[in-house]
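Coordinate inspection notes
Each chain, written out:
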Amino acid sequence: MSIALKQVFNKDKTFRPKRKFEPGTQRFELHKRAQASLNSGVDLKAAVQLPSGEDQNDWVAVHVVDFFNRINLIYGTICEFCTERTCPVMSGGPKYEYRWQDDLKYKKPTALPAPQYMNLLMDWIEVQINNEDIFPTCVGVPFPRNFLQICKKILCRLFRVFVHVYIHHFDRVIVMGAEAHVNTCYKHFYYFVTEMNLIDRKELEPLKEMTSRMCH
C-alpha cells in the first residue's frame, strides 16, 4: 500500500477497533493463509475457495471478521462526507432504500439517515462477532446451528455499505486515490459471498452493472 493510501486508511478513521484472531488458534492460521493468498497476487476467485480439509464455518468466520474490519475502514475514510444533510436516507440511488431493524429499539424497518444507519450496523455486527456463543474462539467449541444464517445477514448488510459508498461517495474515494483498494476489497467480497452462496442474488442488484464489468 502506498504512503498516501496508508494516510487515507489510518487507524483514526476506523469506525471500530479491529477484531483480531488469537495467535496459535486454527482461525488465526486460516486468517494468515487467506492473507498470504491475497498478498501473493493470486487470482481472487481462487483465493476465496474453501481449502481442502478445512471447516466451512471456520473459513466463513475468518472472512466475516476480515470484511467487517475492511469495510468499516472504507466507510471510515468517507464518513465525514456522509452526513444527515447529504444522506438523509440510507440508500443506493433512487431505486434502493435500506431501512434499519434490530428487534431491540427498532422492531420495525425504519428509515434513517445513512450515518445513523451505519453506526447502528457497525454496532450490531460488533456485538455478533464478539459474542462467544456465535463466534466461538476456543478450540473445540462448536458454532451454533444458525451460524451461517447469521453470517448471511451480516454480509448482506455489509454489502449495503458498498452500495452506498459506490453510488453516493465514490467521488471522494477517487479524490483520495483509494479507488483501486476499494475495488479490490469489493471484488474479494463479491467472489467470496457468491462462491460460498452467502447472499441472495437480488441483494446484489444495485451494483449489478458495475459488478459485471469488474468481476468477470
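Here the structure is shown first, and the text comes after it.
For clarity, every value in this text was computed on a predicted model and none was experimentally measured.

1. Looking at the packing of aromatic side chains
- Under the defined criterion, the tally for this structure stands at 15 aromatic pairs.
- Centroid distance Phe 67 to Phe 192: 5.8 Å. Interplanar angle 55 degrees. Geometry classified as tilted. Here Phe 192 lies in helix H8 (residues 179-195) and Phe 67 lies in helix H4 (residues 56-78), a separation of 125 residues in the sequence.
- Judged by its relative accessible area of 0%, Phe 67 falls in the buried class.

2. Regarding the packing of H4 against H8
- Where H4 meets H8, the closest approach of the two axes is 11 Å, and the angle between their N-to-C directions is 150 degrees. One element, H4, and the other, H8, form an angle in the roughly antiparallel class. Between H4 and H8 the crossing geometry is left-handed. The segment H4 lies against H8, with Trp 59, Val 60, His 63, Asp 66, Phe 67, Arg 70, Ile 71 and Ile 74 engaging Val 182, Cys 185, His 188, Phe 189 and Phe 192.
- The residue makeup of the contact of H4 with H8, split by class, is nine nonpolar, two polar and two charged.

3. Focus: the environment of Lys 108
- Inspection of the secondary structure assignment puts Lys 108 in the loop between H4 and helix H5 (114-129).
- Leave out the neighbours within four places in its chain, and Lys 108 touches Trp 100 and Gln 101.

Conventions and cut-offs
Residues numbered from 1 in each chain as written. Predicted model: local features only at pLDDT ≥ 70, side-chain atom pairs only at ≥ 80, totals over all residues. Heavy atoms only, no water. Phe/Tyr/Trp six-rings, centres within 6.5 Å; stacked < 30°, edge-to-face > 60°. Helix = DSSP H or I, 4+ residues; strand = E, 2+ residues; numbered from the N terminus. Buried < 20%, exposed > 50% of the residue type's maximum accessible area, 1.4 Å probe, protein only. Axes fitted to C-alpha atoms, helices over the stretch in contact; angles between N-to-C directions. Parallel < 35°, antiparallel > 145°, perpendicular 65-115°, else oblique. Left-handed = near helix turned anticlockwise from the far one by under 90°. Contact = heavy atoms within 4.5 Å. Nonpolar A, V, L, I, M, F, W, Y, C, P; charged D, E, K, R; others polar.

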